[in-house]
Amino acid sequence: MALDAPPLRWMASLLYGAVMLTGLYYVVTGLAPDWSGAELAVFVGGLVALLAVEQVDWRRPRSRRWAVALLVVRIVLLETVNSADQAGFSRALFVLVPFFAYLWLGRAAGIGLAVFYLSAALARAGTVTGGWTDPEVVSDLFMLFIGLVLTVATAAVAAEQRRSRLRAERLVTELTATQQRVAELSAASERNRLARDIHDSVGHHLTAISVQLAKAEAFRDRDPEVADRAVADAHRAAGRALREVRESVGALRTEPFSLATALFALVEGLHDADFRVVLDVGDADLDQGRAGSEALYRVAQEALTNARRHAGADLVRVAVRRGDDGAVLEVEDNGQGFTPDTAVGGGLSGMRERLAVLGGSVRVESRPGHGTRIVASVPAGTR
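Residues numbered from 1 in each chain as written. Predicted model: local features only at pLDDT ≥ 70, side-chain atom pairs only at ≥ 80, totals over all residues. Heavy atoms only, no water.

A. Inspection of the overall build of the protein at higher detail. A tally of helices and strands in the protein yields ten helices and five strands. Relative to its full complement of 383 residues, the protein shows a buried share of 41%. In the protein, of all internal contacts separated by at least 6 residues, the share reaching a separation of at least 24 is 71%. A total of about 21,000 Å² of accessible surface is found on the protein, and carbon and sulfur atoms cover 59% of it. (Helix = DSSP H or I, 4+ residues; strand = E, 2+ residues; numbered from the N terminus. Buried < 20%, exposed > 50% of the residue type's maximum accessible area, 1.4 Å probe, protein only. Contact = heavy atoms within 4.5 Å. Areas by Shrake-Rupley, 256 points an atom, 1.4 Å probe, with all protein chains shown as cover.)

Take a look at the structure:
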């Protein structure tokens, strides 16, 4: 178990330095007269070696074996320093062993070494004559116990903080990936919406323009007045197409939208002697909201375009009524009909996608030779 915690490393270095300076102070002041030069050299050299070990990049051990090797080196050096310490200050450093064992090797190793050192201290006290009744020995054992408990608790907190940080980093990574995925899905959804708008709006108007221009061409020699009206209708359809493209591209949603007005304008651009549309918009502006009204309008566009371009119909009935939970649009033509299950193209799928986003639905009833009936519904309050 690795831990990125330089402050902990410097904390251990500070303790080594404090023990070294305290020992040297005792020697200089004569408080430890029995401390030989060789023992002092071993004492200081061992602490310097421990300080050097702290500079090893133990924060990212190469393997568990490497972590164990570093821990063994610490234990050996601490035993060496303690054996040469005539003042006994270095015993306090043994609490670092279970601390680093907990961080490197896990909870079991840390607690196990803490229990080992406490048991060894108790056994050593039992070998001292009167040790169990000596206040100094009992005090040392009590302080060792408190130090080991605090050490293990501190290591547990540090390890938990590391785990929490790693979890937080993982969650941030997952959240970033999720945000990217949402952005991708949003972009895909917007592309699909624009594709439906272009298909339903521009496609419809291009059909109307094509029909009117064909009519103008057919009547150019026989009835110039009818041809002129057809060209004028084609111009109006082109103007409406341009306005709707600008609205789709620019997302101009500030103007109020009336389903009744939009349907009247739609029918006006298609109605002629060869293609009649009967419109009933008594309940067109219900409480289905703008999004619902626009969706129903697009369904009517697609249905009328299909009736004129593909079905060969000459009569279409369009009605808007109040449904059980919102508004219902019905478009019925007397064309040649088709089999809905085998139909291809983006029109029907675009209708279903558009209504599904709003919680609505589209039902297509048709069979060859018997016309087509489309029923679309949206719930109330779709904004």
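B. Looking closely at the environment of S349. Its location among the elements puts S349 in helix α10 (residues 346–357). In this structure S349 comes out as partly exposed when scored by relative accessible area, which is 32%. Put simply, S349 and V362 are 13 residues apart on the chain and 9.7 Å apart in space, counted from C-alpha to C-alpha.

C. Geometry of the nonpolar core. Counting residues in each nonpolar core, the largest one holds 43 residues, and the members touching the most others are Y16, F43, L47 and W104. Mapped onto this core, the elements with two or more residues apiece are α1 (6–29), α2 (37–54), α3 (64–84), α4 (96–105), α5 (107–126) and α6 (135–219). Leave out the neighbours within four places in its chain, and L47 touches Y16, V19, M20, V81 and L93. Counting residues in hydrophobic clusters, the runner-up holds 40 residues, among them I209, L263, V267 and L358. (Core = buried A, V, L, I, M, F, W, Y, C linked by side-chain atoms within 4.5 Å.)

D. Quick look at the side chain of Q301. Among the secondary structure elements, Q301 is positioned in helix α9 (residues 289–309). Since its relative accessible area comes to 0%, Q301 is described here as buried. Side chain to side chain, Q301 and R298 meet in a polar contact 3.0 Å long. (Polar contact = N/O pair within 3.5 Å; in protein donor to acceptor, adjacent residues only side chain to side chain.)

E. View of the pairing of strand β4 (residues 361–366). Of the two faces of β4, the one lined by V362, V364 and S366 is fully buried and the one lined by S361, R363 and E365 carries no buried residue. Pairing between β4 and strand β5 (residues 372–378): six bridges, direction antiparallel. Along β5, the bridge assignment pairs S361 with S377. Between the end of β4 and the start of β5, which pair antiparallel, lie five residues, with G369 showing a positive phi angle near 85°. (Pairing = 2+ DSSP bridges.)

F. Region of interest: the packing of aromatic side chains. Summed over the entire model, instances satisfying the criterion amount to six aromatic pairs. Here the aromatic rings of F116 and Y117 are separated by 5.5 Å at their centres, their planes lie at 70°, and the arrangement is edge-to-face. Overall, the relative accessible area of 10% leaves Y117 in the buried class. Within the aromatic cluster, the residues linked to one another by ring pairs are Y25, Y26 and F89. Between the NZ or CZ atom of R74 and the centre of the ring of F100, over which it lies, the distance is 4.2 Å. Its end group placed over the ring of F219, R222 keeps NZ or CZ at 4.8 Å from the ring centre. (Phe/Tyr/Trp six-rings, centres within 6.5 Å; stacked < 30°, edge-to-face > 60°. Lys NZ or Arg CZ within 6 Å of the ring centre and 35° of its normal.)

G. Structural context of the sheet that holds strand β2 (residues 315–323). What the five strands build is an open sheet, ordered β1-β2-β3-β5-β4; its pairing is mixed. Each edge of the sheet is formed by a strand with only one pairing partner; in this case those strands are β1 (276–280) and β4. Pairwise comparison of adjacent strand axes, ignoring direction, gives a mean angle of 15° for this sheet. Note: β1 against β2, five bridges, orientation parallel. The residue of β2 that forms the bridge with V278 is R317. Across the sheet, helix α8 (residues 259–270) is in contact with β1 and β2; its angle to β1 comes to roughly 170°. (Axes fitted to C-alpha atoms, helices over the stretch in contact; angles between N-to-C directions.)

H. Here's a closer look at the UniProt feature "transmembrane region" (unreviewed entry) in the protein. According to UniProt, the feature "transmembrane region" (unreviewed entry) maps to residues 12–29, 35–53 and 138–159 in the numbering used here. Split by type, residues 35–53 is 89% helix and 0% strand. Its first and last C-alpha atoms lie 26 Å apart. Secondary structure content for residues 138–159 is 100% helix and 0% strand, and the end C-alpha separation is 32 Å. (UniProt positions renumbered as here; feature names shortened; annotations may be inferred.)

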